[in-house]
Amino acid sequence: MGPSTPAAATTWASWVTTSPGRNQVVALDAQIIVALCCGESHTLAFNDKGQVFSWGLGSDGQLGLNNFEECIRVPRNIKSLSDVQVAQVACGYWHSLALSRGGQIFSWGQNRYGQLGLGQTGQSIATPQAVQSLQAIPFAQLAAGGAHSFALTLSGAVFGWGRNKFGQLGVNDTNGGRFTNPYAAWECLSLILLWPSTDRCFPTLLKSLRSQRVIHVCCGEDHTAVLTKEGGVFTFGAGGYGQLGHNSTNHEINPRKVFELMGNVVTQISCGRQHTLAFTPACGKIYSFGLGGNGQLGTRATCNRKSPSPVKGPWATSCPSEENESEQSCLVKRIYAGGDQSFAHYCSNNEPQDMENLTEQDPQRRICTLNEATVQKWLNNSPGRLPVDVSNEIDLVFSSASCLNGSFLSTSHPGHFSTSSKYSGVDMNMARLLLHRLIQQDHPKISQQVAASLEKELIPKLSSSPPDIEALRLYLSLPESPLFSDRSNYITITIPFAKCVVGLKEAPLKVLGNWWSTFEPLFFQRLVDIYKDVVVFLLQMHKMGIPPAEQRIFTCFVDTSLRFLEILHKVNEKSGSIIQYDKFYIHELDDLIDIRNDYVTWIQRQMYPMGRDGVVTLCRYPFVFDAQAKTALLQTDAVIQMQMAVDQAQLQNFSSMFLPAVESVNPCLILIVRRENIVGDTMEVLRKSKNVDYKKPLKVIFVGEDAVDAGGVRKEFFLLIMKELLDPKYGMFRYYEESRLIWFAHKTFEDFDLFNLIGVICGLAIYNFTIVELNFPLALYKKLLKRKPTLEDLKELMPDVGRSLQELLDYTEDDIEDTFCLNFTITEDNYGATEVLELVPNGENINVNKSNRQEFVDAYVDYVFNKSVAPLFEGFYSGFHKVCGGRVLDLFQPSELQAMIIGNTNYDWTELEKSTEYKGEYWAEHPTIKLFWEVFHELPLEKKKLFLLFLTGSDRIPILGMKSLKLVIQPTGGGEHYLPVAHTCFNLLDLPKYSSIETLREKLLQAIDHNQGFNLA
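Cut-offs used in this document
- Numbers given for residues are sequential positions, taken from 1 along each chain in its written order.
- For this predicted model, a pLDDT threshold of at least 70 governs which residues receive local features, and a threshold of 80 or more governs which side-chain atom pairs are given and counted, while totals over whole chains, interfaces and linings are taken from all residues.
- Side-chain measures here rest on the full set of heavy atoms in the structure, leaving out hydrogens and waters.
- Pairs were defined over the aromatic rings of Phe, Tyr and Trp, the Trp ring being its six-membered one, requiring ring centres within 6.5 Å. Orientation was assigned from the angle between planes: stacked under 30 degrees, edge-to-face over 60, tilted for the rest.
- By definition, any uninterrupted DSSP run of H or I lasting at least four residues is a helix, any uninterrupted run of E lasting at least two residues is a strand, and each is numbered from the N terminus.
- Only protein chains enter the calculation, and the probe is 1.4 Å; a residue is then buried if its accessible area is under 20% of its type maximum, exposed if over 50%, and partly exposed in between.
- Put simply, a nonpolar core is a bunch of buried Ala, Val, Leu, Ile, Met, Phe, Trp, Tyr and Cys residues held in one set by side-chain atoms that sit within 4.5 Å of each other.
- Residue contacts follow a heavy-atom distance rule, with two residues in contact if any of their heavy atoms lie within 4.5 Å.
- Grid points spaced at 1 Å and placed over the protein atoms alone form the basis of the search, with a cavity being a set where a 1.4 Å probe fits but cannot get out and a pocket an open set showing protein on both sides within 12 Å along at least five of seven lines. Lining residues have an atom within 4 Å of a point.
- Grid points are joined across faces, edges and corners, and a volume is the space filled by probe spheres set on the points.
- Side-chain classes are defined by residue name, with Ala, Val, Leu, Ile, Met, Phe, Trp, Tyr, Cys and Pro counting as nonpolar, Asp, Glu, Lys and Arg as charged, and the others, Gly among them, as polar.
- Whenever Lys or Arg places a side-chain nitrogen within 4 Å of a carboxyl oxygen from Asp or Glu, that contact is recorded as a salt bridge.
- In short, DSSP must find at least two bridges between two strands for them to pair.
- As a rule, the C-alpha atoms of each element are fitted with a line to give its axis, helices using only the stretch in contact, and angles between N-to-C directions run from 0 to 180 degrees.

J.: Quick rundown of the packing of aromatic side chains? Include the residues and the values.
T.: Evaluation of the coordinates by the stated rule reveals 38 aromatic pairs. Look at Phe-873 and Phe-876: their rings are 6.4 Å apart centre to centre, the planes differ by 25°, and that puts the pair in the stacked class. Within this pair, Phe-873 and its partner Phe-876 are both found in helix 24 (residues 870–884), separated by 3 residues, close to a single helical turn. Each member of the pair, Phe-873 as well as Phe-876, is classed as buried.

J.: Any details on the nonpolar core? Residues and values, ideally.
T.: Counting residues in each nonpolar core, the largest one holds 195 residues, and the members touching the most others are Phe-398, Trp-516 and Phe-744. Take this core: its biggest share by element is 12 residues, from helix 11 (residues 521–544). Setting aside chain neighbours within four positions, we find Phe-398 in contact with Leu-370, Trp-378, Leu-404, Leu-435, Leu-438, Val-450, Ser-453, Leu-454 and Leu-458.

J.: Outline empty space enclosed by the protein, listing residues and values.
T.: A water-sized probe rolled over the atoms picks out the places where empty space is left. Scanning all chains against the criterion turns up 3 cavities of 30 Å³ or more. Its volume calculated, the largest cavity comes out at about 40 Å³. As for the largest cavity, its lining consists of Gly-103, Gln-104, Ile-105, Ala-130, Val-131, Leu-134, Gln-135, Ala-136 and Ser-402. In the lining of the largest cavity, the residues fall into 5 nonpolar, 4 polar and no charged.

J.: With reference to specific residues and values, describe the side chain of Thr-952.
T.: Inspection of the secondary structure puts Thr-952 in helix 28 (residues 941–952). For Thr-952, a relative accessible area of 7% puts it in the buried group. What Thr-952 contacts, discounting residues up to four positions off in sequence, is Lys-715, Leu-719, Leu-965, Thr-984 and Asn-987.

J.: A description of the environment of Val-84 should follow, citing residues and the corresponding values.
T.: One can find Val-84 in the loop between strand 5 (71–77) and strand 6 (86–91). In this structure, the C-alpha to C-alpha distance between Val-84 and Gly-50, residues 34 residues apart in sequence, is 7.3 Å.

J.: For the pattern of salt bridges, give the residues involved together with the corresponding values.
T.: Enumeration over the complete set of coordinates arrives at 33 salt bridges. The salt bridge partner of Arg-687 is Asp-753, with a shortest N-O separation of 3.7 Å. In this pair, Arg-687 is assigned in helix 16 (residues 678–688) and Asp-753 in helix 18 (residues 752–767), connecting sequence segments 66 residues apart. A relative accessible area of 33% means that Asp-753 is categorised as partly exposed. Residues joined in a network through salt bridges with shared partners are Arg-210, Asp-468, Glu-470 and Arg-473.

J.: Requested: an account of the sheet that holds strand 20 (residues 285–290), with residues and values cited.
T.: Strand order in the open sheet formed by 4 strands is 18-19-20-21, with antiparallel pairing between adjacent strands. With one partner strand each, in any of the chains shown, strand 18 (268–271) and strand 21 (305–310) form the two edges of the open sheet. Put simply, the sheet's adjacent strands are angled 15° from each other on average, direction ignored. Direction of pairing for strand 19 (residues 275–280) relative to strand 20: antiparallel, over a ladder of 6 bridges. Considered in strand 20, the bridge of Phe-279 is made with Ile-286.

Structure representation (structure tokens):
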């Protein structure tokens, strides 16, 4: 290795060299050697171009020269590695390892114990083989022992394989679980002679070290030591000579911390054959332990040491001091151990201090990752043709999953060393910043090279079952590239990438979901928007026309993009809404597909499954439908159901003509009711009706009235019956003054049938496209869709109680019992008497404390919304689902179902004006009409809502918006002293011809202020 500063090396052992003087390896004179390593009888070295040379004993293939020659005396280039740039090499006794700049690990040589990590044991291998089971993991370091191997990732995960006789792999056992049938004793007995059952031929993760933030691994013959970022040392494996430093000669099958080094921050470790070194710069000490028979411990004795002992020497601390300056002392730069020798690379204390740090590697000895310096180096080239070395480096990074997974690592708390199934370790802001800096219009050649590497090399090779969580990071960072949102790359990059995500096995997909759930809304929304745009792009292509030969691949593209969005939608729901559910809506669907036809196809596929027939129905992915699209689906379903009911009735009527036993039926659901007994008459008709009758078109007849029900009478019916049913005289519902909402009154004398009737009425209102006044909280609609109400729903219904429970959850002190004085009970008013009810068995004797407060809140919410009203809600639920039960209801979100029943408050007053129709001599530019809209738009919000109530019977609007109200204004006779008159059944306003704006304002306000809910004129 080339010297960096004036320095020297000191050695302690029984011998230093087998021949006098220094022997220069003349064959490597023309090479700039970056690093080398030695095995039992062979040596590897590599130069600044990443080419590897080997020499020495080759009988086990450890030289990688595609032969088993006994001895190679002159360094030879390993030709099979000429296509990769090697960043590191490591030698075991009879095997070799190499790490490429692209993140691949190669192994060759003896494989008796599985030390090559290729999934098999036995025959030696003379040419480097890629360790396929470690593909895509970003590695930082390799290490090799006598017959075992280790690889350390950039974020501190440790993988080991090979011999494990003494537990040197640290995997908590000495049984590799080699056999599929461990009870077949004869099989084990016969094979154990060939392959010791303690070994691992596949790389195995040391789970116990995952959270320890490991930064370095080193191996002895049969033991292993690791160093953590905080300066702790763990050892495991053979301990017969005390080389583990645990003050014993026991073997350890688990990584165990060297406690006698605690209190010191160790920055370097090294292992010889059967001894270990550790360096602590703060106190300037080197510690050694293990075999000392050849003086390798540097203690001026040849006895073994079972615990760390200081190496005798003139060592200086890393911090300058008067004591250091007063005498000549050595400042240690690096320590090494090999065989039965130990070395210290040092400089004098008055020379420039350049301490080596194991966390700061030479860039040439690391895998290539994307960072600010690399991006800037690439951008410094002119926008024209890229230099070959730059083009190759771009290709190296963007063709390698390992390189991308090692890029954009977070350095802020908690940092990438805390990577887990819950935390990715990726700095998403850095990823976005660097990828946007790299992909620019000013540097098209760079963008083209990146796109080509992703399309041809990276994406096609992504595995459906990555070997470790660190191999999943690119799924987070890559979509931040502007290439993904470029339409020209949808088919070649964006969709194939989604296919890889969709194809992931359950375990890695779950981890990816956990990571996505921690995204900031901005990043998550961006990912959703990319694939919404892809779907729109594909549907636009389909609308323009797809050749029949390409239809199947097009269908696959649409399905893949929607399935990717479906995964994101599930993550969003599970994590409690990173973004609002309506952010998944694709509003262009109504213009791009026939939603009704899509729904019919979906129903047919469910009734008559035809396998994967190449047809994609968007109804499989209801989360992309906005409220307007879902309403169209509901209307389609209603029409289908009504038509089926009508057809069935007509068939029955036709049969009754020839078969007297068959009774004729009406194709409509006819309600003949008296205004003064609307509830009783309705219940009587519905009680006699069958479930199929609820699906028929509804016709309402008021006794003694000649009006034909063209929709207006039906609307009037719903207004009247809901007003009657919600009347306090029935005592069916409790009104909450603070929220102005109602909920089931569990202390009621009304029977099940009335609650069932209200459910039926709500269902009929939806099926007949009429909104009703029903001031329930959102919790009702959650329950109708089988979703659990939460504390947020209680806050909506009972704001004071909800706030109090939230304060209980947010309280940070430990004296909850003394402060809140609560137990698991609830106090209710029972017709003037106070009643205490237990929320759980023996709840009166269970105090609410810090550990059970969440259970208390959950039980409280459950009691209010579920337990206390169970039979009443069951009646409502049963009635509602008699009419609206079915597949289409599952497409709705609770708030959308609420808007379907009672309308919403998404007011657009300009749209109301645009969609209004005029009769008689009125038209949009008539002077009275212009005065009317001028006055209307000047009204405050509350007055505008009162106008809606006056005109339509409700201050809410249908889910399809203002345009669906179809307001009609017509002139009326009389003079200016008459008030405007509303016909709520038809949304019709009789407006006198007012000549002044003052008169119109006065009369309009009088009309809406004196309205009693609705005018049935």
